[in-house]
Amino acid sequence: MKAIILSGGNGTRLYPITKAISKQLVPVYDKPMIYYPLSTVMLTGIKDVLIITNPEYVELYRNLLKDGSHIGINIQYAIQTEPRGLADAFIVGERFIDGDKSMLILGDNIFYGQGFGAMLRKAASLEKGAVIFGYYVKDPRPYGVVEFDEQGNVISIEEKPERPKSNYAIPGLYFYDEKVVEFAKSLKPSARGELEITDLNRKYLEIGELKVELFGRGFTWLDMGTYDGLLEAANFVETIQKRQGFYIGCIEEVAFRMGYIDREQLYKLGKEMEKTDYGRYLMDLANGVRE
């Protein structure tokens with residue numbers, strides 16, 4: 001399975017912050033926003049990653065993440081010249097996917113909770129069809145909403161419904177089989193001129209191959225696409241890291257714990273940033289301080 005991180009768009013909800021920089025490169029507490037979805041991908045066990053962004057930002061991402069070899073993965077880059085919807089990611093990334101199964105994650109989402117890695121790896125092991133996720137919210141009207149039966153089979157999905165059929169919102173994390181590119185190409189633009197991810201998911205629903213996995217009450221999902229969301233995410237990361245001493249979205253730590261790099265490589269990465277708490281954290285991990 002391969003993974004796509006969609007980091008395109010103009011970030012207009014975060015103007016003027018994003019007038020000169022990609023939203024997903026904005027800092028969220030102590031690391032760039034892109035680190036959080038990238039760490040999620042790495043937890044899945046996927047090592048082939050495509051980052052889709054605007055043409056003016058590609059070199060910025062390349063400067064930050066290079067080809068990914070320093071953390072034991074393979075990162076490639078692709079350009080989305082204009083926002084054409086989430087489902088367009090599979091058309092842009094068709095050559096990268098190359099007939100394999102794929103995962104899509106939005107570049108402005110944070111996921112955090114116990115057992116998350118196991119849940120991801122279960123979703124990534126799908127044989128056919130698609131897997132989406134459901135997150136209980138008090139007011140689901142601003143979100144895509146999923147209705148499902150006791151076996152996790154999806155009954156309906158709606159985008160921003162006035163009368164939601166459930167309280168489960170659909171976060172920006174999706175897993176698909178090899179049919180996804182073909183389905184994406186068959187979509188027609190919505191009223192706002194975009195290829196909608198909801199319409200793509202409906203393709204799988206129509207053939208009875210759409211499943212939902214539910215995040216429990218102790219799980220956190222945050223969307224960092226607004227001022228409030230950005231602040232909320234930064235405060236959340238700070239609170240967890242200072243209270244527990246373990247970092248969220250630390251790609252070097254995930255690489256080490258997944259066996260992509262060894263202690264020596266981890267220490268070297270930390271040494272490059274030894275004047276920061278982040279760098280010293282990596283060095284401590286390499287020295288066995290936080291086992």
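Our subject is the structure that appears above.
**Here's the deal with the packing of helix α10 (residues 263-271) against helix α11 (residues 277-286)**
If you want to describe how two helices pack, look at the angle between their axes and the distance between the axes. Two elements in contact, α10 and α11, have axes separated by 7 Å at closest approach and are oriented at 160°. One finds that α10 runs roughly antiparallel with respect to α11. Of the two elements, α10 crosses α11, and the hand of that crossing is left-handed. From α10, Arg263, Leu266, Tyr267, Leu269, Gly270 and Lys271 reach across to α11, where they touch Gly279, Leu282, Met283, Leu285 and Ala286. Broken down by class, the residue content of the contact of α10 with α11 amounts to seven nonpolar, two polar and two charged.

**Re the nonpolar core**
In this structure, Leu38, Met42, Leu65, Leu173 and Phe175 are the most contacted members of the largest nonpolar core, which totals 52 residues. The greatest single-element share of this core, amounting to five residues, is contributed by α11. Of all hydrophobic cores here, the second largest spans 32 residues; its members include Phe96, Tyr176, Phe183 and Ile197.

**Observations concerning the pattern of salt bridges**
Following the criterion strictly, the structure yields 20 salt bridges and no others. The partner of Lys128 in a salt bridge is Glu209, with the nearest N and O atoms 4.0 Å apart. Pair noted here: Lys128 is in the loop between α5 (116-124) and β8 (130-136) and Glu209 is in the loop between α7 (197-206) and β13 (210-214), with a separation of 81 residues, a long-range link. A residue is classified by how much of its surface remains accessible, and Lys128, at 60% relative accessible area, is exposed. Among the ionic pairs, Lys179 bridges to Glu209, the shortest N-O distance being 2.9 Å.

**So, the packing of aromatic side chains**
Counted under the stated rule, the structure contains 19 aromatic pairs. Residues Phe90 and Tyr176 carry aromatic rings whose centres are separated by 5.2 Å and whose planes lie at 85° to one another, so their mutual orientation is edge-to-face. Remark: Tyr176 occurs in strand β12 (residues 173-176) and Phe90 occurs in helix α3 (residues 88-92); sequence separation between them is 86 residues. With a relative accessible area of 0%, Phe90 lands in the buried category.

**A few points about the pairing of strand β9 (residues 144-148)**
The side chains of a regular strand alternate between the sheet's two faces. Where β9 meets strand β10 (residues 154-159), five bridges bridge the pair, whose relative direction is antiparallel. Bridge assignment links Glu147 to a residue of β10, and that residue is Ser156. Counting the residues in the hairpin turn of β9 and β10 gives five residues, including Gly152, whose phi is positive at 85°.

The rules behind the values
Residues numbered from 1 in each chain as written. Predicted model: local features only at pLDDT ≥ 70, side-chain atom pairs only at ≥ 80, totals over all residues. Heavy atoms only, no water. Axes fitted to C-alpha atoms, helices over the stretch in contact; angles between N-to-C directions. Helix = DSSP H or I, 4+ residues; strand = E, 2+ residues; numbered from the N terminus. Parallel < 35°, antiparallel > 145°, perpendicular 65-115°, else oblique. Left-handed = near helix turned anticlockwise from the far one by under 90°. Contact = heavy atoms within 4.5 Å. Nonpolar A, V, L, I, M, F, W, Y, C, P; charged D, E, K, R; others polar. Core = buried A, V, L, I, M, F, W, Y, C linked by side-chain atoms within 4.5 Å. Buried < 20%, exposed > 50% of the residue type's maximum accessible area, 1.4 Å probe, protein only. Salt bridge = Lys/Arg side-chain N within 4 Å of Asp/Glu carboxyl O. Phe/Tyr/Trp six-rings, centres within 6.5 Å; stacked < 30°, edge-to-face > 60°. Pairing = 2+ DSSP bridges.

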